[in-house]
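Examining the three-dimensional arrangement
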Amino acid sequence: MKSDAVLRIDNLGHDYGKFKVIENISLSIGAGKLSALIGPNGAGKTTFYNAISGKFPPTRGRVFLADEDVTGLPSHRIVDKGMCRSFQITNIFTHLTVQENVAIPLIIQQKKHFKMFGNAFKNGEMIHKVRQVLEQVGLADRGEQVVANLAYGDKRLVEMAIVLARVPRVILLDEPTAGMNPEETENMIRLIKKLASVSGTTFFITEHDMKVVFSLAEKIYVLHQGHLLAEGTPEEIRSNTEVQEAYLGRKVHA
Amino acid sequence: MALRAHLNIAGPAVLVLVLMIAPLLVPTYWVMILSEILILGLMAVSFNLLLGYSGLLSFGQGAFFGIGAYSAALMLQAGYTNLFLILLVGMLLALIIAAVVGFFSVKLDEIFFAMITLGFGMLLFSIAHNWRDVTRGSDGLPVFVLPTLNFFGAEVSFYSPIHMYYLVFSVVLVAIVLLWLIVHSPFGLVLRATRENKQRVSFVGGKVNLLRIVAFTISGTFTGLAGVLFCLFNSMATPEFMHWSFSAKPVIMSIIGGTGVFLGPLFGAAIFFFLEQIIIRFTENWMLFLGVVLVLIVIYFPQGVLGTLKSKLLKGEPK
């Protein structure tokens, strides 16, 4: 089946022991779209992300990146196929400088990570590329700082820069504004919007912050107790009674 | 910036100069101690490629040291006296065994990695200890004939401690320069990234296990080289090199000197031997006092002696 979806999930399911955490998830995301996966805590958002990004293989179902089956591949292969992700808990190289954090994915992308001689930063092209990525996220003046000394919001931006450096076709962001203050959240929303509008990259984010989701996503998927409860535009989701019930914690009538 | 740059160039230059003229200034006994410091220092610096740069605590490094030493002793006994051949074969054997041990060990982390490398080390120790036909067991393998070197037409032997010192110094210098290049290469940077966060490396496309196997193999190869040198210096290969207590030496040296500074472990080796020499004049129980000093260093020099001094000196300097 040929489709113009850049990311397609078929009947995905994952079990922890006998417990089905997620079940029967199928969705299809078109190129350049900004979609969001929402759901109350414990709905299975992170499990879903881990299963499609190579943290562990899903128990059931298939994952396609532009029609290529990538189900169950290890994370580094999935990155090579063009999908790169961030984590809910900031996942960066804390004791390295900002520019080193960005250089690492670039070195790996250029297959130079087994190059034993020469310095990564003696290479004009590398310096230029690192700078480009840092300018995208607004950290160009922090390049030489050690990441550990940055403010929390800036650390989240470093992770964004690490992901962007690989120039993926699909970017998965797991709660990109988690733990941020309102100003940092604002800043991150603006950044994601800008990146999505200029790069043609497909974004798929998870969020529990409704404000963030409704101000960003063109399409929203709602996950509830491991099942896809609804999908649609922000307006459709906002007016969906089932979704409202799920979030208010009442029993959903089938 | 200026101070850091000056220190990074002047420090090593002064060190090389001092080590070059030292044999002319100190008594022969101390020339031999200096040789020992350089050999064990090389072992510690290559060990630190794992502890300091990859975040892996190997407790089986003695095995590769022993492989280098036995390889040299066996070759010399069999009548091979070409210096470069002996150095190369020792490194090659250590490389092969390190690649195998690394293959099985790098999937583990922290204490589990320490235990599996310790296990492999003790396995190789047992072979050296019990395969009496080849290794002569706990008696060790003595070396009676040292290799010679054709130095611009002149035949140089290494029976005098001064000649031996300059051989050790030259080989260790080349090895340390190579290790420095590796640590500062793109590979070295990605390796430090795996120490910081191996999950993130894997999620930007890096093959963490392969990176670690390569690091482990390089570390084992240079440790094997140190073993070859020690066998020549010591005229003997014994199974004790491969015992886990010998594997603890580079660990202690690296922690004394500082795992976060490239030359930290070499300084640690120097401090280790100087302390031994000083304390042993007063008491046989020098390990007791080493313990006390180790405790003080861990408390007052959290980044190791060289590491802490360097960061105090460069306080306020941008990185």
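On a predicted model such as this, the values are computed, not experimentally measured, just so you know.

1. Quick word on the packing of aromatic side chains
Following the criterion strictly, the structure yields 23 aromatic pairs over all chains and no others. Residues Phe-204 of chain A and Tyr-221 of chain A carry aromatic rings whose centres are separated by 6.1 Å and whose planes lie at 75° to one another, so their mutual orientation is edge-to-face. Residue Phe-204 of chain A is located in strand E8 (residues 202-207), and its partner Tyr-221 of chain A is located in strand E9 (residues 219-224); the two are separated by 17 residues in the primary sequence. Comparing Phe-204 of chain A with Tyr-221 of chain A shows no difference in burial state: the two are buried. Taken together, the aromatic side chains of Phe-65, Phe-230, Phe-233, Phe-241 and Phe-246 of chain B make up a single cluster linked through ring pairs. For the cation-ring pair, Arg-85 of chain A lies above Phe-87 of chain A, with the distance from its terminal atom to the ring centre recorded as 4.1 Å. One cation-aromatic arrangement involves Arg-85 of chain A over Phe-203 of chain B; the distance from NZ or CZ to the ring centre is 5.6 Å.

2. Overview of the pairing of E9 of chain A
All names here are of chain A. In terms of residue burial, E9 counts as a mostly covered element, since 5 of its 6 residues are buried. Judged from the 4 bridges that link them, strand E3 (residues 34-38) and E9 form a sheet pairing that is parallel. Each bridged residue has a counterpart across the sheet, and for Ile-38 the counterpart in E9 is Val-222. Inspection of the sheet shows E9 paired to strand E10 (residues 227-232) by 5 bridges, in the antiparallel sense. Directly across from Tyr-221, in E10, lies its bridge partner Glu-231. Hairpin connection from E9 to E10: 2 residues lie between these consecutive antiparallel strands, with Gln-225 at a positive phi of about 45°.

3. A short note on the confidence of the model for chain B
All names here are of chain B. In the predicted model, chain B carries a mean pLDDT of 91, and 98% of its residues have values of at least 70. Averaged pLDDT values over the elements of chain B bottom out at 78 in strand E2 (residues 149-151) and peak at 97 in helix H10 (residues 208-234). Two numbers describe this predicted complex: its pTM, 0.90, and its ipTM, 0.88.

4. Here we look at the pattern of salt bridges
Tallied over the entire structure, the rule returns 19 salt bridges over all chains. We note a salt bridge from Lys-111 of chain A to Asp-80 of chain A, for which the minimum N-O separation is 3.9 Å. Of this pair, Lys-111 of chain A sits in the loop between helix H3 (98-109) and helix H4 (124-137) while Asp-80 of chain A sits in helix H2 (residues 75-80), and the two are 31 residues apart along the sequence. Note that Asp-139 of chain B and Arg-132 of chain B form a salt bridge whose closest N and O atoms lie 3.7 Å from each other. Residue Arg-132 of chain B is classed as partly exposed on the basis of its relative accessible area, which comes to 46%. Sharing partners across several salt bridges, the network here consists of Arg-8, Asp-10 and Asp-67 of chain A.

5. Remarks on a nonpolar patch on the surface
Nonpolar side chains collect at one region of the surface, where Leu-92, Leu-95, Ile-96, Val-100, Phe-103 and Phe-104 of chain B lie side by side and expose about 560 Å² of accessible area between them. Secondary-structure assignment places Leu-92 of chain B in helix H4 (residues 83-105).

6. Side note on the interface of chain A and chain B
If you look at the interface, chain A gives 39 residues, while chain B gives 28 residues. Buried surface at the junction of chain A and chain B, both sides included, amounts to about 2,900 Å², of which 67% is carbon and sulfur. Linking Glu-100 of chain A and Arg-192 of chain B is a salt bridge whose minimum nitrogen-to-oxygen distance equals 3.3 Å. Counting across the interface, chain A meets chain B through 14 residue pairs in polar contact (both at pLDDT 80 or more). Only H2, strand E6 (83-85), H3 and helix H5 (152-165) of chain A provide two or more residues apiece to the side of chain A that touches chain B. The biggest single contributor to the side of chain A that touches chain B is H3 of chain A, with 6 residues.

Conventions we followed
- Residues numbered from 1 in each chain as written.
- Chains lettered and ligands numbered in written order.
- Predicted model: local features only at pLDDT ≥ 70, side-chain atom pairs only at ≥ 80, totals over all residues.
- Heavy atoms only, no water.
- Phe/Tyr/Trp six-rings, centres within 6.5 Å; stacked < 30°, edge-to-face > 60°.
- Helix = DSSP H or I, 4+ residues; strand = E, 2+ residues; numbered from the N terminus.
- Buried < 20%, exposed > 50% of the residue type's maximum accessible area, 1.4 Å probe, protein only.
- Lys NZ or Arg CZ within 6 Å of the ring centre and 35° of its normal.
- Pairing = 2+ DSSP bridges.
- pLDDT = per-residue confidence, 0-100.
- Salt bridge = Lys/Arg side-chain N within 4 Å of Asp/Glu carboxyl O.
- Patch = residues over 30% accessible without salt bridge, like charges linked within 9 Å, V, L, I, M, F, W, Y side chains within 5 Å.
- Areas by Shrake-Rupley, 256 points an atom, 1.4 Å probe, with all protein chains shown as cover.
- Contact = heavy atoms within 4.5 Å.
- Buried area = accessible area lost by both parts, 1.4 Å probe.
- Polar contact = N/O pair within 3.5 Å; in protein donor to acceptor, adjacent residues only side chain to side chain.

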